[in-house]
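Examining the three-dimensional arrangement
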Amino acid sequence: LGNSKVVRITENELWRFQMITTREIIPDSLQNALLASRVLVGIEELKSGTPTENSKSAITDAVRFLKLVLDAHQRVKTRQVSLGALEGSLAYRETIRAIDRLPDLQSRYEATLQVIQGLAHIAQQAQTAGGTNPAINQLQEFFTMVRDTSLSEDRRPIESLSMPK
Amino acid sequence: LELTDAIAMSEAVSHKEFRLRVLLDAYQVELSQDTGSSFLAGVRAIVDAVADSHSGWLDALNNASVPSVRDATVDHVRTHSVVALRILSNIHEHYLPLLHAAANQSSYLFRPILNRAIDLATPGRKIRSELVLVPRFEYTYGFTGLLRFATREVCKLPYSIQSQKKAKIRACRALPKVTAFVSYPAADKESALKLTAIAHEMAHLIDYIGRIHQHILKLVPLQFDSESFDALLERKKGSAQGPSDEQIEADCYERCRKLLTAWLHEIIADVIATRALGPAYFLAFRDFLTDAGADGSQADEEHPAPAKRLEVMIGELSDLEYLDVDHGLRNELRKIKGTIASEAVRTEYEGEFRVVDRTLEQQRGRILSALRDYTRQYSYPASRYASEVPGVLKKLEAGVSPIENDSGGANSAIAILNAAWQIYAIQFDEFRDKFADNLSREEVIDNLNRLVFKALEGGEILRKWGELAPADSEATAEPRNTTETTIPPILGATLTRKSLLENLDSGKLVVTPILDRAQVGEGSIDIRLGTQFIVNKRPELSEIDPHTLTPENIQKFQELVVVPFEDRFMLHPGSFLLGCTMEFIALPADMCGFVLSRSGYGRAGLLIATATYVHPGWHGCLTLELENLGEVPIALWPGSRVGQLVLLRADEILLPKLKAIPVGPRFSSLSEDPRWDKIRKTRLTKGDRASRGTEQSRR
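Note that the coordinates shown come from a computational prediction; the quantities given were computed from them, not determined experimentally. (Residues numbered from 1 in each chain as written. Chains lettered and ligands numbered in written order. Predicted model: local features only at pLDDT ≥ 70, side-chain atom pairs only at ≥ 80, totals over all residues. Heavy atoms only, no water.)

Structural notes on the overall build of chain B
Scanning chain B for helices and strands turns up 25 helices and 18 strands. For chain B, the proportion of contacts with a sequence separation of at least 24, taken over those separated by at least 6, is 80%. On chain B, roughly 31200 Å² of surface is accessible, and the fraction owed to carbon and sulfur atoms is 51%. (Helix = DSSP H or I, 4+ residues; strand = E, 2+ residues; numbered from the N terminus. Contact = heavy atoms within 4.5 Å. Areas by Shrake-Rupley, 256 points an atom, 1.4 Å probe, with all protein chains shown as cover.)

With respect to the environment of Val510(B)
Within the secondary structure, Val510(B) is located in strand β5 (residues 510–512). In contact with Val510(B), other than residues within four places in its own chain, are Val400(B), Leu504(B), Phe584(B), Ile585(B) and Ala586(B).

Brief notes about the nonpolar core
Residues Phe142(A), Phe143(A), Phe282(B) and Phe584(B) are the most contacted members of the largest nonpolar core, which totals 156 residues. By size, the runner-up hydrophobic cluster in this structure holds 45 residues, among which are Ile46(B), Leu98(B), Val154(B) and Leu157(B). (Core = buried A, V, L, I, M, F, W, Y, C linked by side-chain atoms within 4.5 Å. Buried < 20%, exposed > 50% of the residue type's maximum accessible area, 1.4 Å probe, protein only.)

Comments concerning the sheet that holds strand β13 (residues 606–608) of chain B
All names here are of chain B. In spatial order, the strands read β8-β7-β10-β16-β13; together these five strands make up an open sheet with antiparallel pairing. Taken across any chain shown, the strands that pair with only one partner, and hence form the sheet edges, are β8 (558–562) and β13. Adjacent strand axes in the sheet meet at a mean angle of 25°, parallel and antiparallel pairs treated alike. Sheet topology note: the strand β7 (residues 532–536)/β8 ladder contains five bridges and is antiparallel. (Pairing = 2+ DSSP bridges. Axes fitted to C-alpha atoms, helices over the stretch in contact; angles between N-to-C directions.)

Re empty space enclosed by the protein
A water-sized probe, rolled over the atoms, reveals where empty space remains. Throughout the structure, instances matching the rule amount to two cavities of 30 Å³ or more. Volume-wise, the largest cavity comes out at about 220 Å³. Lining the largest cavity we find 16 residues, and of these Ile267(B), Val312(B), Leu360(B), Glu361(B) and Arg364(B) sit closest to its centre. Every element with two or more residues in the lining of the largest cavity is listed here: α11 (245–277), α13 (306–319), α15 (351–362) and α16 (364–375) of chain B. Residues belonging to the lining of the largest cavity are distributed by class as follows: nine nonpolar, no polar and seven charged. By volume, the second largest cavity amounts to about 30 Å³. Around the second largest cavity sit Ile122(A), Gln125(A), Ala126(A), Ala129(A), Gly130(A), Asn133(A) and Ile136(A), which together line it. Top element by residues in the lining of the second largest cavity is helix α5 (residues 112–129) of chain A. It accounts for four residues. (1 Å grid on protein atoms, 1.4 Å probe; cavity = no way out; pocket = protein on both sides within 12 Å on 5 of 7 lines; lining within 4 Å. Points joined across faces, edges and corners; volume = space filled by probe spheres on them. Nonpolar A, V, L, I, M, F, W, Y, C, P; charged D, E, K, R; others polar.)

Remarks on the pattern of salt bridges
Residue and element names in this part refer to chain B. Tallying each qualifying case throughout the model produces 46 salt bridges over all chains. Among the salt bridges present, the one from Arg21 reaches Glu17, with a minimum N-O distance of 2.9 Å. Of this pair, Arg21 and Glu17 both sit in helix α1 (residues 2–30), separated by four residues, roughly a single helical turn. Accessibility expressed as a relative area gives 16% for Glu17, which makes it buried. With its nearest N and O atoms 2.9 Å apart, the salt bridge here joins Asp526 to Arg641. On the criterion of sequence distance, the pair formed by Asp526 in strand β6 (residues 525–528) and Arg641 in strand β18 (residues 641–649) is long-range, its members being 115 residues apart. The buried category is assigned to Asp526, whose relative accessible area is 8%. Here Arg641 falls in the partly exposed class, since its relative accessible area comes to 26%. (Salt bridge = Lys/Arg side-chain N within 4 Å of Asp/Glu carboxyl O.)

A word on helix α17 (residues 382–397) of chain B
Residue and element names in this part refer to chain B. Here α17 contains 16 residues, and its C-alpha end-to-end distance of 21 Å stays within 8% of the 22 Å for a straight helix at 1.5 Å per residue. Along α17, the sharpest change in direction is near 35° and occurs at Val389; proline Pro390 comes one to four residues later. Tucked into the core, α17 has its buried residues touching α12 (279–291), α18 (413–426), α19 (428–433) and α20 (441–468). (Expected span 1.5 Å × (residues − 1). Bend = angle between axes of the 7 residues up to and from the residue.)

Examining a positive patch on the surface
A cluster of basic residues, Arg128(B), Arg148(B), Arg152(B), Arg173(B), Arg211(B) and Lys218(B), forms a positive patch on the protein surface. Structurally, the position occupied by Arg152(B) is in helix α5 (residues 149–156). (Patch = residues over 30% accessible without salt bridge, like charges linked within 9 Å, V, L, I, M, F, W, Y side chains within 5 Å. Lys, Arg positive; Asp, Glu negative; His and termini not counted. Charge placed at Lys NZ, Arg CZ, Asp CG, Glu CD.)

Quick word on the sheet that holds β18(B)
Residues and elements named next belong to chain B. Taken in spatial order, the four strands line up as β6-β18-β12-β14 in an open sheet, and their pairing is antiparallel. Single-partner strands in this sheet number two, and they are β6 and β14 (613–614). Pairing analysis gives two bridges linking strand β12 (residues 591–597) to β14, with the strands arranged antiparallel. In the sheet register, Gly593 faces β14, and the bridge partner there is Val614. Of the strands in this sheet, β6, β12 and β18 touch helix α22 (residues 497–506), which is tilted by about 90° from β18.

What follows is the structure, encoded as structure tokens:
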């Protein structure tokens, strides 16, 4: 009813319908990887004194990302689940992983929270002062690790094997 | 080398994108307007965006003159290529099966009912949506909801030029907001009873459209239970050389957050489905768990333990007073409640499951109260059950498809499903008793399912008819000449309009649905064409020889097709097919009938019903043999008045028990005639004699 076609589903065709479990085509981890990668281009543009449309929007996105992570940090510590938690908790997890893998960056601050706050501060400065602040290298180091960590999050098998033992 | 690498990867992106577009073009041809074409447009928009975004960055690479910027851009193009290739793979893996399902969408009966359910559950929302039903081999149901999916995905892609991105997003916003894919076990396709559990997936859709989950999170602030969360952290921190404490905490939080979101969605869907459908959903879901061999105490990453879910559902039924008012199922539900309670108590969670369970448990009252407020408008309380279901039940018990209620309106799908479940769950033995002894339990259940399916279809057509022709009132439908005299019950006398109406109104004679009373003429009832047809598969068919025909191979030569109401089927000159009446007919013990063509169609060359006699006590939809004897094709529209049923008084017979009740055209049962066996043997004997004779003469 309400269909304009006369169609019949044959049993032979049913196999094609198996395993329908799609959610998102661009999962958060890939989105974070793209963001980090673009921020890295933006930082390089700022450092070389050739800012573009991309460098401005990329640094704005970097600030937004770090603020999201700071909010998520707050929620994780207080164990709260709210609407915002749906967005930030994966970014927070990837950030923590990245920081754990960057001992040099960690050693400059007392605690993880300060690392994130410090990075957010550097990114905000870059928005106005461009790439003159040498601390911008910390941001570069951090986003390189976020990119690599996020890409490794989205692993997929290249072959599936099914046979009797 | 690095630059070559990035360029080579970019070429891989272009190539993969090209191959994907070829497949999408192929689907474009197959998709109908209302199932999948907007979904395909959305998928295309994402592919375009991936390509645009990627080529924008290649341009940026070509324009980068500063070496350090150029190096960073090379790195970005490489990362972008990796991500683009994965996105395209995801489209292949996740979206193409959905497109395939949309392209092969059957005119499945539940579709209009489900569409109506969405409208009812989301009043006032003018949301454009596409619903695609997907049968699957796994014994499981599923829901995939895509809300502004193209816009959301395109937003995530980085463009080097922002104005291009904004234009793309604007184009995506023109597409329908919701695309929903609801899958169901193919094994249950013919069972209206079992498919009642699909209400849960529809509830996910309602949750999705209405953003109920988000409202609940706004209304009810949730905080992970600290005791169980700390215990979880302690357990995870056990290993000395593992990740940092903060990483463990972040991991645990993310896992618990994901789990809580998933479980909350399930609770919401369970509550919506139970409140909207009443006991029918609860019983169907419980039955589904049994069929799936589920362990009542076993939770998973997406669902709380079944026992806990059933506990929530029975709580909702109790809130709707199903456990207080005696409506037929009360005692059964009370009994089940006891069993569930003891099983739910035994359910013990650990780790993340324990954290989420305890967190939800602490706010259970508030969550359920908020959900009851949301579902109040379409709840099905025990009082409605008590007023609507008994009438439906009475008809089902008599082997009649309960399409119409006593006032001539359509019975609600909810009342029909609840009545069917009441029979199936607690009155099945009485129901079975009405059928011939040689029918197995499964065959009797099949009959019940068919009666329900027919009632659901008939109800939908009746509603549609009301929407299409609201002015078709009783007054305009009255025939020109009405005689007030009652025809005496003389054997063999044809029933005239007054008598036909009296018998129809009293329920002694069932012809349902009567879309308008003008169908009842002076000496016959006009019958309409149903939605199901059986056509011959000519390439497969060499001949029909009753000697060689078997019930199995007749279905190899003939196939069933469904033509939706409002659609048509072309019958070409010289072609023959089987159709059926839209009306479900049940004759009393003292009435028999004949099916005749209506002159209008007859003069156009359409011959119907070559086997025209209908026995006293007959139940079901009549199979019509349709042949185009004319010279031009004839369009057959389901719902059109193609024939007439003439009814006569007959000697009252002792009604036999019910046999299989057809609600669609029946395949030829020529081969089932036991006399053919004798003829076959005779022929075999003759053949044997002949061959022996030949052999002897040779000697």
